[in-house]
Amino acid sequence: QVQLVDTGGGLVQAGGSLRLSCTASGLTFGSYAMGWYRQAPGKERELLAACDSGNRTYYKDSVKGRFTISRDNAKNTVYLQMNSLKPDDTAVYYCAAKRQYPFLILGISDYWGQGTQVTVSS
């Protein structure tokens, strides 16, 4: 049974930082592209960042230079380092896994984490 567990969310002031983690089990982690999405109230889910084991990465324009995705295949974990957080970053953040990197970029995923709430106060 595949499971993705998202952790690391919380309440932070604008300009602060958080690091989200997503630990996977039940799959061959290194064979999957991993991504981070978020969904704010009343808005559609959006892809923020993605990476594969071949060092391909993708970032949404609005988070470039502020967010960094990384992965540790030995720990079956993908991270999202978020710096210079803004109130507009407030959302539930989800990690996702898809074997094929191009499909992940299109928003198609095989597995999802349960989500972790990030709230940025002004």
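In case you missed it, the structure is sitting above this.
Fair warning: this is a prediction, and the values are worked out from it, not measured in the lab. (Residues numbered from 1 in each chain as written. Predicted model: local features only at pLDDT ≥ 70, side-chain atom pairs only at ≥ 80, totals over all residues. Heavy atoms only, no water.)

**Overview of the sheet that holds strand E3 (residues 18–25)**
Then comes step 1: Strand order in the open sheet formed by four strands is E1-E3-E8-E7, with antiparallel pairing between adjacent strands. In this open sheet, the two edge strands, each paired with only one partner strand, are strand E1 (3–7) and strand E7 (67–72). Each strand axis lies, on average, 15° off the axis of its neighbour in the sheet, ignoring direction. (Pairing = 2+ DSSP bridges. Helix = DSSP H or I, 4+ residues; strand = E, 2+ residues; numbered from the N terminus. Axes fitted to C-alpha atoms, helices over the stretch in contact; angles between N-to-C directions.)

**Concerning the state of the cysteines**
By definition, a disulfide is the covalent link that joins the sulfur atoms of two cysteine residues.
Then comes step 1: Throughout the structure, instances matching the rule amount to one disulfide.
Then comes step 2: Each sulfur of the disulfide joining Cys22 and Cys95 lies 2.0 Å from the other. A torsion of 40° about the S-S bond marks the disulfide between Cys22 and Cys95 as right-handed. Taken as a pair, Cys22 in strand E3 and Cys95 in strand E9 (residues 91–98) lie far apart in primary sequence, 73 residues in all.
Then comes step 3: Accessibility expressed as a relative area gives 0% for Cys95, which makes it buried.
Then comes step 4: No disulfide involves Cys51; its nearest neighbouring cysteine sulfur is the one of Cys22, lying 10 Å away.
Then comes step 5: On the basis of relative accessibility, which here comes to 4%, the residue Cys51 falls in the buried class. (Disulfide = S-S within 2.5 Å. Buried < 20%, exposed > 50% of the residue type's maximum accessible area, 1.4 Å probe, protein only.)

**What about the pattern of salt bridges?**
Then comes step 1: The tally for this structure, following the rule as stated, stands at seven salt bridges.
Then comes step 2: Of the charged contacts in the structure, one is a salt bridge between Asp89 and Arg38, with a shortest N-O distance of 2.9 Å. In this pair, Asp89 is assigned in the loop between strand E8 (77–82) and E9 and Arg38 in strand E4 (residues 33–39), connecting sequence segments 51 residues apart. Arg38 matches Asp89 in its accessibility class, with the two residues each being buried.
Then comes step 3: Here Asp89 makes a salt bridge to Arg66, at a shortest N to O gap of 2.8 Å. (Salt bridge = Lys/Arg side-chain N within 4 Å of Asp/Glu carboxyl O.)

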